Amino acid sequence: MSTPESDVQLHDFANIFSLKGKVAVVTGGSRGLGLHAASGLLQAGCSKVFITSRKASACASAVAALNALPNLAPDARAYSIPADSSRVSEIERLVREVSAHTDHVDILFANAGATWGSRFDDVDEKSGWDRVMDLNVKGVFFCIQKFAPLLAAGATLASPSRVIVTGSVAGIGTGSLGDAGAYSYAASKAAVLHLARNLAVELGPRHILVNGIAPGFFMSKMAAGLMEQSGGVDALDKANPNGRVGRPEDIAAAVVFLSSRAGGHVNGDTLVLDGGKIWGSNKLERL
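Read on for an overview of the structure. Along each chain, numbering runs from 1 in the same order as the chain's sequence is written. The model is predicted, so local features are restricted to residues of pLDDT at least 70 and side-chain atom pairs to those at 80 or more, both for listing and for counting; the totals for chains, interfaces and linings are taken over all residues. Side-chain descriptors were evaluated using all non-hydrogen atoms of the structure, hydrogens and water having been removed beforehand.

## Side note on a positive patch on the surface
Taken together, the side chains of Arg31, Arg54, Lys55 and Arg131 present a region of like positive charge at the surface. For the purposes of this entry, the term helix denotes a DSSP run of H or I that reaches at least four residues, the term strand denotes a run of E that reaches at least two, and both are numbered from the N terminus. Structurally, Arg131 is set in helix α5 (residues 126-153). Each patch is built from salt-bridge-free residues with over 30% relative accessible area, joining like charges within 9 Å and nonpolar side chains (Val, Leu, Ile, Met, Phe, Trp, Tyr) within 5 Å. Note on areas: Shrake-Rupley, 1.4 Å probe, and residue coverage restricted to the protein chains presented here. Salt bridges are defined by distance alone: a side-chain nitrogen of Lys or Arg within 4 Å of a carboxyl oxygen of Asp or Glu. His is not counted, nor are the chain ends; Lys and Arg add positive charge and Asp and Glu add negative charge. The location of each charge is read from NZ of Lys, CZ of Arg, CG of Asp or CD of Glu.

If you want it as structure tokens, here you go:
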């Protein structure tokens, strides 16, 4: 006669967040969220992390800092491959240069992005619209398309490859308006999060999972100006349900989770990283 206890079968969840031996590519990886994510990927066990952004000097500095981390696996290494992710020809060159070091990619963090803020009446076509859309939407799509063969090369049903795209809470709620209106940015982030949902269905059968993240305020060079216009870090901390803005470990942990075995059944989803601000702001304003 069996007992309820004997019917329970537990599984081994050891190393469920480990990325031991994985190969990752991080666009926009020389600073801010991309650099924090690259640091998390290396510290979680990736053997190779390729950093790319437009400026070679910024990539070189980022890679030097990453390779100096004290807790990396013996074979872990970051590589610098500068490229402009808004141009398809540059993305193709990036893929070729990555291919010189590896025959597959396990993780693509399509993070490169730009923003633009101005009054509605002052938004111009080239800088205020095309530049943002080219990098934030077109660049993300073609980066995923061009890396797809490398992502599929080592992917299996049991161990799928991962694509993570950087959206924003501005693509879910309302972005900044008025003098610092980020109309193209908000539209681009809504677009790229929906692109991730479509590509999750398209690429899932190839054993490539696609998800988006939607950060709120994290201190970075790109966000610093808007954060200051919004009252500064102290005011933003107080306006958040969990009492603070984002920290480097928050973005690193989210990317590691989605890239690891722990995120193996997450596909076509958006992970919001804002401490509840997008839902709690109206309540806080009434108090």
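Picking up where we left off.
## A few points about the environment of Asn71
Considering the arrangement of structural elements, one finds Asn71 in the loop between α3 (56-67) and β3 (77-80). Sequence separation of Asn71 and Leu42 is 29 residues, and the distance between their C-alpha atoms is 8.9 Å. A distance of 2.8 Å separates a polar atom in the side chain of Asn71 from a polar atom in the side chain of Gln43. Think of a polar contact as two N or O atoms within 3.5 Å of one another; within protein, one of them needs to be a possible hydrogen donor and the other a possible acceptor, and neighboring residues in sequence only count if both atoms come from side chains.

## A look at the pattern of salt bridges
Following the criterion strictly, the structure yields six salt bridges and no others. Between Asp130 and Lys126 there is a salt bridge, with the nearest N and O atoms lying 3.8 Å from each other. Highlighted residues: Asp130 and Lys126, both in helix α5, separated by four residues, approximately one helical turn. The partner of Glu202 in a salt bridge is Arg206, with the nearest N and O atoms 3.7 Å apart. Burial status follows relative accessibility: with a 1.4 Å probe on protein chains alone, a residue under 20% of its type maximum counts as buried, one over 50% as exposed, and anything between as partly exposed. Of the residues examined, Arg206 reaches a relative accessible area of 42% and is grouped as partly exposed.

## Concerning the pairing of strand β2 (residues 48-52)
Most of β2 is tucked away: four of the five residues are buried. Sheet topology places strand β1 (residues 23-27) next to β2; five bridges connect them, and they run parallel. Each bridged residue has a counterpart across the sheet, and for Val26 the counterpart in β2 is Ile51. A clockwise course of the path from the first strand over the helix to the second, judged with the strands pointing away from the viewer, identifies a crossover as right-handed. Handedness of the β-α-β unit built from β1, helix α2 (residues 32-43) and β2 comes out right-handed. What makes two strands pair is DSSP finding at least two bridges between them. Where β2 meets β3, four bridges bridge the pair, whose relative direction is parallel. In the strand pairing of β3, Lys48 is matched with Arg77.

Read these as geometric descriptors, not functional statements.
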